[in-house]
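The primary structure of each chain is shown beneath.
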Amino acid sequence: MKISELLRQRPTLSFEIFPPKNKDGDISSIYSTIDQLAQLKPDFISVTYGAGGSTTRNTVEIATMIKERWQIESVAHLSCIDATAENLRGVLDQLKEKGIENILALRGDYPKGYDPQTAPQEFRHASDLAAFITANYPDAFCLSGACYPEVHEEADSLEADLRHLKIKADAGASYLVTQIFLDNNYYYRLLREARKRGIQVPILAGIMPATNAKQLLNMSKMCGCSIPYTLSVMIERFSAHPAAMQEIGLNYAAWQIMDLITNGVEGIHLYTMNRPQIATEIMRRCDAILREFRDAH
Ligand code: FAD
């Protein structure tokens, strides 16, 4: 089923996982992760994509398995920064053949050693990829795109980022998923400003629970998300106490979800980091609220 159809009916709860990283390309360690996530009955699970070789194959394979073995809808991420149209056709043909109906169309992060002089330049932005898929695979896929509550690091301003986001939505992204944020006010700002500019597609909120101080600080640095004062004080006070930090991280993520649902969010997308126990624990902390959210029509 296309996620856009699902979103027309009700808000969604979804999870993101990544293909296991190991030298021999063995993906079997992901099975128990999916098993445990499946018990939480998500509307879909998305699988990240790293450009090139076995990682690409693994994304397709895992997305296919989620659908076939667990009967859960899947979304395959696909990036285009160093791809050619021919490479992309190869992956898109595979996805179509395997019955994958949902793609998160991304530009992707610049790979290590990326050289614009030698790298293919056919696709510069995620919107180029969305337009390519829409033109070459009409109606085959439901496309989505990424968006940034605290503005993408390369964008000059919120205004410019939103202008580009509108191009992405117009090129076929039928819903958007946000980058991680820890201050819900940035999500509400994005929603408000996007709507003002005619971006009407659902914007799912990306939440990542961090359960230790180092992880929280890394996440803030890597994803460019700011740490609200109340949370930074808790980190300062409890950073040397792992159990306390875990409690803070779980409760904080649960609180973010409750606040978002209260304010009418159309979807919660949990970055699980392949840690299903954490996802389970968060769901448990807002169980009644999530049940009401998912029953909403
Ligand atoms: P774009 O939408 O192309 O935006 C990148 C920059 O270019 C922005 O500054 C934007 O303002 C600007 N821009 C966009 N369009 C235009 C235009 N037409 N003209 C001028 N400027 C423009 N990375 C991976 O490698 N694999 C993954 O699986 C993955 N999954 C992700 C999932 C989510 C939900 C999110 C939020 C991010 C994910 N990323 C992933 C990271 C993502 O690839 C990076 O954040 C990357 O830097 C930008 O990708 P994008 O698709 O948002 O790019």
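Scroll up for the structure.
So, how was this worked out
- Residues numbered from 1 in each chain as written.
- Predicted model: local features only at pLDDT ≥ 70, side-chain atom pairs only at ≥ 80, totals over all residues.
- Heavy atoms only, no water.
- Salt bridge = Lys/Arg side-chain N within 4 Å of Asp/Glu carboxyl O.
- Helix = DSSP H or I, 4+ residues; strand = E, 2+ residues; numbered from the N terminus.
- Buried < 20%, exposed > 50% of the residue type's maximum accessible area, 1.4 Å probe, protein only.
- Core = buried A, V, L, I, M, F, W, Y, C linked by side-chain atoms within 4.5 Å.
- Contact = heavy atoms within 4.5 Å.
- Axes fitted to C-alpha atoms, helices over the stretch in contact; angles between N-to-C directions.
- Parallel < 35°, antiparallel > 145°, perpendicular 65-115°, else oblique.
- Nonpolar A, V, L, I, M, F, W, Y, C, P; charged D, E, K, R; others polar.
- Near = heavy atom within 4 Å.
- Polar contact = N/O pair within 3.5 Å; in protein donor to acceptor, adjacent residues only side chain to side chain.
- Areas by Shrake-Rupley, 256 points an atom, 1.4 Å probe, with all protein chains shown as cover.
- Pairing = 2+ DSSP bridges.
- Right-handed = clockwise from strand over helix to strand, strands pointing away.
- Arc of directions from axis to C-beta.

J.: Help me get a handle on the pattern of salt bridges, residues and values and all.
T.: Throughout the structure, instances matching the rule amount to 14 salt bridges. Here Asp 170 and Lys 166 are joined by a salt bridge, their closest N and O atoms 2.9 Å apart. Taken together, the positions of Asp 170 and Lys 166, both in helix α6 (residues 158-170) and 4 residues apart, correspond to about one turn of that helix. Here Arg 192 ties to Glu 193 by a salt bridge, and the two come within 3.6 Å at their closest N and O atoms. The class of Arg 192 is partly exposed, set by a relative accessible area of 47%. Since its relative accessible area comes to 11%, Glu 193 is described here as buried. The structure contains a network of salt bridges with shared partners spanning Glu 159, Arg 192, Glu 193, Lys 196 and Arg 197.

J.: Give me the nonpolar core: which residues, what numbers.
T.: Judged by nonpolar contacts, the single largest core of 74 residues is most densely connected at Ile 133 and Ile 257. Setting aside chain neighbours within four positions, we find Ile 133 in contact with Leu 78, Leu 92, Ile 103, Pro 138, Phe 141 and Leu 143. Core analysis: the next-biggest nonpolar cluster, separate from the first, contains 25 residues, Ile 3, Ala 146, Met 219 and Ile 235 among them.

J.: Provide a residue-level description of the packing of helix α2 (residues 30-38) against helix α11 (residues 276-285), including the pertinent values.
T.: Two measures define how a pair of helices packs: the angle their axes make with one another and the distance between the axes. Between α2 and α11, whose axes approach to 9 Å, the crossing angle comes to 10°. Of the possible angle classes, the one that applies to α2 and α11 is roughly parallel. Where α2 abuts α11, its residues Thr 33, Gln 36 and Leu 37 lie against Pro 276, Gln 277 and Ala 279. A breakdown of the residues in the contact of α2 with α11 according to their chemical character gives 3 nonpolar, 3 polar and no charged.

J.: Before we move on, can you summarise the site of the ligand with the specific residues and values?
T.: Around the ligand sit 25 residues, and of these Tyr 49, Tyr 148, Asp 161, His 164 and Lys 168 come closest. Separating an oxygen atom of the ligand from a backbone N or O atom of Ala 126 is a distance of 2.9 Å. When the ligand is considered free in solution it has 960 Å² of accessible area, and contact with the protein chains removes 85% of it. At the level of elements, β4 (102-106), α5 (126-136), α6 and β6 (173-178) are the ones that each hand at least two residues to the shell around the ligand. Ranked by residue count, the leading element in the shell around the ligand is α6, at 4 residues.

J.: Which residues make up the environment of Asp 26, and what values do they have?
T.: Structurally, the position occupied by Asp 26 is in the loop between β1 (12-17) and α2. According to the relative accessible area criterion, Asp 26 is partly exposed, its value standing at 39%. In this structure the C-alpha to C-alpha distance between Asp 26 and Ile 282, which are 256 residues apart in sequence, comes to 29 Å. Here the side chain of Asp 26 touches Ser 28 through a polar contact of 3.0 Å, side chain to side chain.

J.: Quick one: what's the story with the pairing of strand β7 (residues 203-207), residue by residue and with numbers?
T.: One face of the sheet, then the other: side chains in a regular strand alternate in exactly this way. Here β7 lies mainly inside the structure; 5 of its 5 residues are buried. Strand direction decides the pairing type here: β6 and β7, joined by 2 bridges, are parallel. Among the inter-strand pairings, Leu 176 is bridged to a residue of β7, identified as Ile 203. The parallel pair β6 and β7, bridged by helix α7 (residues 184-196), forms a crossover whose chirality is right-handed. As defined by bridge partners, β7 adjoins strand β8 (residues 267-271) across 3 bridges and the pair is classed as parallel. Of the residues in β8, the one forming a bridge with Ile 207 is Leu 270.

J.: Describe the side chain of Asn 58, with residues and values.
T.: Looking at the element boundaries, Asn 58 is found in helix α3 (residues 53-70). Looking at Asn 58, the relative accessible area reads 8%, which means it is buried. With near-sequence residues (within four places) excluded, Asn 58 lies in contact with Pro 19, Gly 25 and Ile 27.

J.: Requested: an account of helix α12 (residues 287-295), with residues and values cited.
T.: Those residues of α12 lying buried are Leu 290, Phe 293 and Arg 294. Across the axial projection of α12, the buried residues extend over an arc of 90°, all falling on one side. The outward face of α12, more than 90 degrees from its buried face, is lined by the exposed residues Ala 288, Arg 291, Glu 292 and Asp 295. The secondary structure elements touched by the buried residues of α12 are β1, α10 (242-262), β8 and α11.

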